[in-house]
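These are the residues of each chain, in order.
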Amino acid sequence: MLRVALRPRFLGLLALMVVATVVCGLLATWQWDRAHQAITADAAGSQQLGDIRDVVGVGDAVTNSIVGDTVTATGRYVPGEQVVVPARNIGGTEAVLVVSSLLLDLEDGTQARLPVARGWLPAAELTGADGEVDPSMAPAPPQGEVEISGRLEASEAASSGVDQGVAAEIATPLLVNEWGSPMFAGYVALEDPAGALQPLPAAESEFSRGLNWQNIGYSLQWVLFGGFFLYLWWRSVRAAHLDEVADRREAMEEMLHEPDGGAAEPDDHSHEPVDVSTEPAPAGVGSSRSPAAPSAAPSPTDKDV
């Protein structure tokens, strides 16, 4: 089997499989590092990242590596740019979130909007006489320049629009249509809301809860893939070796069944004695052969002498 494995064809296949295995190993290491970083970040808790303008660009996605970390911002709330997000369950209480637009000055002299989740209130406090949530009952944001601090969160997925100040999600694609652009892609949840507003709990998605285990699982999968490539090469070599062994066995069996010298095997009747007797066939027995002539003249008798 070693001679088969050392043939050029299988050595080239082995080189290809080794390269594939090394790539799988690098991918497994990368996934393992991502899982380790995520676990370390979770253990360390929220990190202070500083001013949001130094953390993420306007319109840039809020990645998982910075979600939940604390940022600061300085700006002015825009009057009239506020929505409420009902139908949330916080600690067993039906809650309504209050989200306002904070206008920030950028280094290039332009301005951008930042959605700020200022807090939440029980739904009963914002429900009108008709039983519907009334956005006008939500507390207005403070006036003038303010400095805020809170968790940076990614935008929620949009499933519907904004209807008269009521939104189903804190989704920046919807808020851009309502408030205008440019706008940061994520939002900030205040750590210390003012007035009766209560702070929002940390946003948690199925992806963020399962991220560490997903990365660890991906890492193990890449290890298995790398091992499979080497196993595939070994199976190829073994199959070729077994085929050759079977061919040699078959050839040897054919040689053992052949007679000496390679002559054809004699017929079964070749060894039977040949009857050379001249005795005529018994009467009644038909024969196509003529009676045999006497082989010699009769011996002379006394009368002939």
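What this report covers is the structure whose coordinates are included nearby. The model shown is predicted, which means the values in this text are computed figures rather than measured ones.

**Looking at the side chain of Glu169**
- If you trace the backbone, Glu169 turns up in the loop between β7 (166-167) and α3 (172-179).
- Notably, Glu169 is buried but unbridged: the nearest opposite-charge side chain belongs to Arg88, and the N-O separation is 6.4 Å.
- Those residues in contact with Glu169 that lie beyond four places of it in its chain are Val85, Arg88, Glu156, Ala157, Ala158, Ser159, Ser160 and Leu174.

**Let's talk about the pattern of salt bridges**
- Applying the stated criterion across every chain, the model contains 5 salt bridges.
- The closest approach of N and O atoms between Asp51 and Arg53, which form a salt bridge, is 2.8 Å.
- Asp51 sits in the buried class, given a relative accessible area of 19%.
- Close ionic contact of Glu156 with Arg88 constitutes a salt bridge, the shortest N to O distance being 2.7 Å.

**Some remarks on a nonpolar patch on the surface**
- A cluster of nonpolar side chains, namely Met1, Phe228, Tyr231, Leu232 and Trp234, defines an oily patch on the protein surface of about 470 Å² accessible area.
- Residue position: Tyr231 is located in helix α4 (residues 206-257).

**A closer look at the pairing of strand β2 (residues 70-90)**
- Pairing of strand β1 (residues 48-51) with β2 involves 3 bridges; the strand directions are parallel. Note on β2: the bridge partner recorded for Gln48 is Thr70.
- Here 7 bridges tie β2 to strand β5 (residues 145-153), and the two strands are oriented antiparallel to one another. Note on β5: the bridge partner recorded for Val71 is Gly150.
- Across 10 bridges, the pairing between β2 and strand β3 (residues 93-105) is antiparallel. Bridged to Tyr77 within β3 is Leu102.
- From the end of β2 to the start of β3, which pair antiparallel, there are 2 residues, and Gly91 there has a positive phi angle of about 60°.

About the criteria used
- Residues numbered from 1 in each chain as written.
- Predicted model: local features only at pLDDT ≥ 70, side-chain atom pairs only at ≥ 80, totals over all residues.
- Heavy atoms only, no water.
- Helix = DSSP H or I, 4+ residues; strand = E, 2+ residues; numbered from the N terminus.
- Buried < 20%, exposed > 50% of the residue type's maximum accessible area, 1.4 Å probe, protein only.
- Lys, Arg positive; Asp, Glu negative; His and termini not counted.
- Salt bridge = Lys/Arg side-chain N within 4 Å of Asp/Glu carboxyl O.
- Contact = heavy atoms within 4.5 Å.
- Patch = residues over 30% accessible without salt bridge, like charges linked within 9 Å, V, L, I, M, F, W, Y side chains within 5 Å.
- Areas by Shrake-Rupley, 256 points an atom, 1.4 Å probe, with all protein chains shown as cover.
- Pairing = 2+ DSSP bridges.

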